[in-house]
Amino acid sequence: MIRRSFLKHLAAVPLVAAAAPSTVGTSATKLKILMKSAWGSDDPTKAAFPFLHGDALSEAGHEVQIFLLGEAVSLMRKSVANAVVPVG
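Throughout what follows, the structure given in this document is the object of discussion. Quantities reported herein were computed from a predicted structural model and do not represent experimental measurements.

The helix and strand inventory of the chain stands at three helices and two strands. Element order for the chain, N to C, with α for helix and β for strand: α-β-α-β-α. The buried share of the chain, taken over its 88 residues, is 15%. A separation threshold of at least 6 residues defines the contact pool for the chain, and within that pool the share at least 24 residues apart is 72%. Of the accessible surface of the chain, which amounts to about 7,300 Å², a share of 63% is contributed by carbon and sulfur atoms.

To continue, consider the nonpolar core. In this structure, Ala-47, Leu-68, Ala-72, Leu-75, Val-80 and Val-84 together form the largest nonpolar core, which totals six residues. Not counting residues up to four positions away in its chain, the partners in contact with Leu-68 are Ser-37, Phe-51, Val-73 and Met-76.

Mapped onto the secondary structure, His-62 falls in the loop between helix 2 (44–59) and strand 2 (63–68). Given the relative accessible area of 18%, His-62 is considered buried. For His-62, the side chain forms a polar contact with the main-chain nitrogen of Leu-31, separated by 3.0 Å.

What counts and what doesn't
Residues numbered from 1 in each chain as written. Predicted model: local features only at pLDDT ≥ 70, side-chain atom pairs only at ≥ 80, totals over all residues. Heavy atoms only, no water. Helix = DSSP H or I, 4+ residues; strand = E, 2+ residues; numbered from the N terminus. Buried < 20%, exposed > 50% of the residue type's maximum accessible area, 1.4 Å probe, protein only. Contact = heavy atoms within 4.5 Å. Areas by Shrake-Rupley, 256 points an atom, 1.4 Å probe, with all protein chains shown as cover. Core = buried A, V, L, I, M, F, W, Y, C linked by side-chain atoms within 4.5 Å. Polar contact = N/O pair within 3.5 Å; in protein donor to acceptor, adjacent residues only side chain to side chain.

So this is what it looks like as structure tokens:
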């Protein structure tokens, strides 16, 4: 029950922030985001998700860090990273 109320509260936060009136001269809130991934070259589509999302969030002005563990550490090699081609 506690988890459900927490997720309900968490889901409402972006709506409140989007509904707040913006004033001229103020900047949008910049977030610090840490993404964890353990998907590696065995599943290229899932392996690409944190990098694609991190790139989009970074372009939006947020500070992004990607934490790789397990099989995903192999993506640190340039040859492996260049060989990973996600679907779509």
